[in-house]
Amino acid sequence: MPDWLRYVEQHLSLGDCPAERKAEILEELAEQLEEAYQDALRLGMNDDDACSAAQQHVCDWVKLADDLRDAGFRRPETRLPEEPSLPKLRQPAFSLGSQGPNRLPKTAFMALGASRGRLVRQLLTESLLLGCVGGALALAVGWAAVRAILSARPPSLMNFGDVHLDLRVFAFTFSVAIFTSALFGLAPAISVRRLDLTRGLKEACRPAGWLRHHWTSFLVSGEVALAFALLLGTGLLMRTFLNILHADPGFRAEDVSTFRISAPNFETLEQLQKNLAALPGVQSVSAISHLPLDDTGNWYDYYWKEGAPAEQQNTVMADHRSILPGYFKTIRATLLEGRDFTESDDARHQHVVVVDDVLAKELWPDGSAIGSKLNISDSPAGPYQFQRDWAVVIGVVRHVQAHSLTAIVRPQIYVPYQIAPRPSMSIVIRTAGGVPELAATAKKQVALVNKDIAVTHMEPLSAVVVRAQAESRFASLLATLLSAIALLLACVGIYGVLAYSVAQRTSEIGVRMAIGAGRLEVMKMVLADGFIPVLAGLAAGFSLSLIVTHLLTRLLFGVQPGDPANYALILFILLVVSALAALLPARRAMKVDPLTALRCE
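Residues numbered from 1 in each chain as written. Predicted model: local features only at pLDDT ≥ 70, side-chain atom pairs only at ≥ 80, totals over all residues. Heavy atoms only, no water.

Engineer: Can you help me understand helix α15 (residues 519–551) in this one?
Structural biologist: Taking 1.5 Å as the rise per residue, α15 with 33 residues should run 48 Å; its terminal C-alpha atoms sit 47 Å apart, in good agreement. F531 marks where α15 bends most, by close to 30 degrees; the proline P533 follows one to four residues later. (Helix = DSSP H or I, 4+ residues; strand = E, 2+ residues; numbered from the N terminus. Expected span 1.5 Å × (residues − 1). Bend = angle between axes of the 7 residues up to and from the residue.)

Have a look at this one:
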């Protein structure tokens, strides 16, 4: 009796089997022996070596069955002798779905008596357990994430304060986790239900090439596609935020402090302006009804130039701002032509206004706006006692971003406080660097002028600018976190699939190296296999990014959605990360011992 057949007789106790069952098992093993013999001949072995390799192949297969028996999978009616066991089998842990193609353990388990129902229950139990543990961990992460997001939200997003973990949302999310786990656990379970034991024994030791793992490759491609789209959106939002940081608001907020007071009359404001300007370190002082980038209340109304036909009147609006003389100098807005207001620009004289360059170019594109008349709304009789009036344009100032750092909402018209008084005004003070205890000193000066005046909202003007940047910063932060998670998932997916592929192809790699393939060639082969789903994911991600960038168009500033530099950077990042994720399995494949791979596959 050949060595391999004697080994089978001893370890499977075929002598105790019925004659028909014994003949069936030996016939299956004989077919497997013939296939192994033909495979060895195709690899270039001579007849004797091919015969020895085929016999060793069958013996190793029986040793594997012996090892599975030691793990607890045995036939109750068969008494197997104890033998030294081989190293325990290591199953890949990339995903539940990836266990489906791993026919070797399932076939061996069933050959030793495990029922299909038992294997299905085992797979579903494992998947549901992982789903429950993952759902519990997700709840903890979600709670921490909500707390972190709420603490980082800008004040302008007031409705974010109502965000909290809801039991209905938690139940839905947990149900999705359990359903997904059961679904991916059911995939290998279905393959077990359809498993042909005889065919599985014949094909168990054949190398499982990359292309046989369709689902795992598809998942990696999906992860890469999502990572590409999210990273591209993040890149656009980050560049938008950087552009906003360097955007010109039309004024200089550095070294400017502000506070708000109730303003009873012009004489009080004028006296306070003089007192504050006399303080050490103070360069200039003025006041405005509405600070730039502060949308707390607003004042806007219709305007039209002299000679405009009736159908063009009451059609467009501009922001109206009441200011004291010296305001443009204090915030360092650029006066393009004309002059600033003076104390004599009051209701007893010709009414005058200063307009911004947006309005001037709109109404007088071919000439100067200075000296032209403009119909506006003012209130010389007192606060909010509005009336239509004609005013002469005496100056043009560069547009100041009043509502947003990225968009021009409306043009602006500046009116002297004397002909447009307001019940409260914001004082702006420019200093030469830091002035110690400026806030306390300013409050004292206000009390000296009128002790009944309330002082509120004392802060640097730069704080107002920072608040205007907050929403863009918040959106960039959330996009960055989502992109980091997507990139991590893609990295783990690529690594897991390649590690699984290398484990499945250990025998193939060993054969290649035995017949002369170099370690560098093996590494290139594994990396090439790993980049197949990556490249497919990049192509899908490019298509998905077209939708994402279209949705982000209104949020962008200073950057085009189809900027080639942005695409090139994201492509480079994903390729580098994919290469790093594939490097460890590739290095492991380089270290495969050909003899060990052929004997212990």
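Engineer: Where do I start with the packing of aromatic side chains in this structure?
Structural biologist: The description of an aromatic ring pair uses the distance of the two centres, along with the angle that the planes make with each other. The full count for this structure, using the stated rule, is eight aromatic pairs. Judged by centre distance (5.0 Å) and plane angle (85 degrees), the ring pair of F328 and Y414 falls under edge-to-face. In this pair, F328 sits in helix α10 (residues 327–331) while Y414 sits in strand β10 (residues 412–416), placing the two residues 86 residues apart along the sequence. Both residues of the pair, F328 and Y414, count as buried. Taking NZ or CZ as reference, R410 lies 4.1 Å from the ring centre of Y300, over its face. The side chain of R422 reaches across the aromatic face of W299, ending 3.7 Å from its centre. (Phe/Tyr/Trp six-rings, centres within 6.5 Å; stacked < 30°, edge-to-face > 60°. Buried < 20%, exposed > 50% of the residue type's maximum accessible area, 1.4 Å probe, protein only. Lys NZ or Arg CZ within 6 Å of the ring centre and 35° of its normal.)

Engineer: How should the environment of E471 be read in this particular structure?
Structural biologist: One can find E471 in helix α13 (residues 461–504). For the pair E471 and P154, spaced 317 residues apart in sequence, the C-alpha to C-alpha distance is 6.0 Å.

Engineer: Can you help me understand the side chain of Q445 in this one?
Structural biologist: Relative to the elements of secondary structure, Q445 occurs in helix α12 (residues 438–449). Those residues in contact with Q445, other than ones at most four positions away along the chain, are L272, N275, L276 and L279. (Contact = heavy atoms within 4.5 Å.)

Engineer: Would you explain the pairing of strand β1 (residues 256–262) in this entry?
Structural biologist: Along a regular strand, successive side chains alternate from one face of the sheet to the other. Bridge count for β1 against strand β11 (residues 424–431) is seven bridges, and the pairing is antiparallel. Of the residues in β11, the one forming a bridge with S262 is S424. (Pairing = 2+ DSSP bridges.)

Engineer: It is not clear to me how the side chain of T234 should be interpreted in this structure. Could you clarify?
Structural biologist: With respect to the helices and strands, T234 occurs in helix α8 (residues 214–245). With relative accessibility at 8%, the residue T234 sits in the buried group. Within the structure, the side chain of T234 is placed 2.8 Å from the backbone oxygen of L230, a separation counted as a polar contact. When neighbours within four sequence positions are excluded, T234 is seen to be in contact with A479, T480 and S483. (Polar contact = N/O pair within 3.5 Å; in protein donor to acceptor, adjacent residues only side chain to side chain.)

Engineer: Sorry, what's going on with the pattern of salt bridges here?
Structural biologist: It is possible for side chains bearing opposite charge to pair when their charged atoms get close. Counted according to the given criterion, the structure contains eight salt bridges. For R239, the salt bridge identified is with D563, shortest N-O distance 2.5 Å. Highlighted residues: R239 in helix α8 and D563 in the loop between α15 and α16 (564–590), separated in sequence by 324 residues. For R239, a relative accessible area of 30% gives the class partly exposed. Look at D563 and you get buried, because its relative accessible area is 16%. For R467, the salt bridge goes to E459, with nearest N and O atoms at 3.0 Å. Three or more residues joined by partner-sharing salt bridges are found here, namely D319, R321 and R410. (Salt bridge = Lys/Arg side-chain N within 4 Å of Asp/Glu carboxyl O.)

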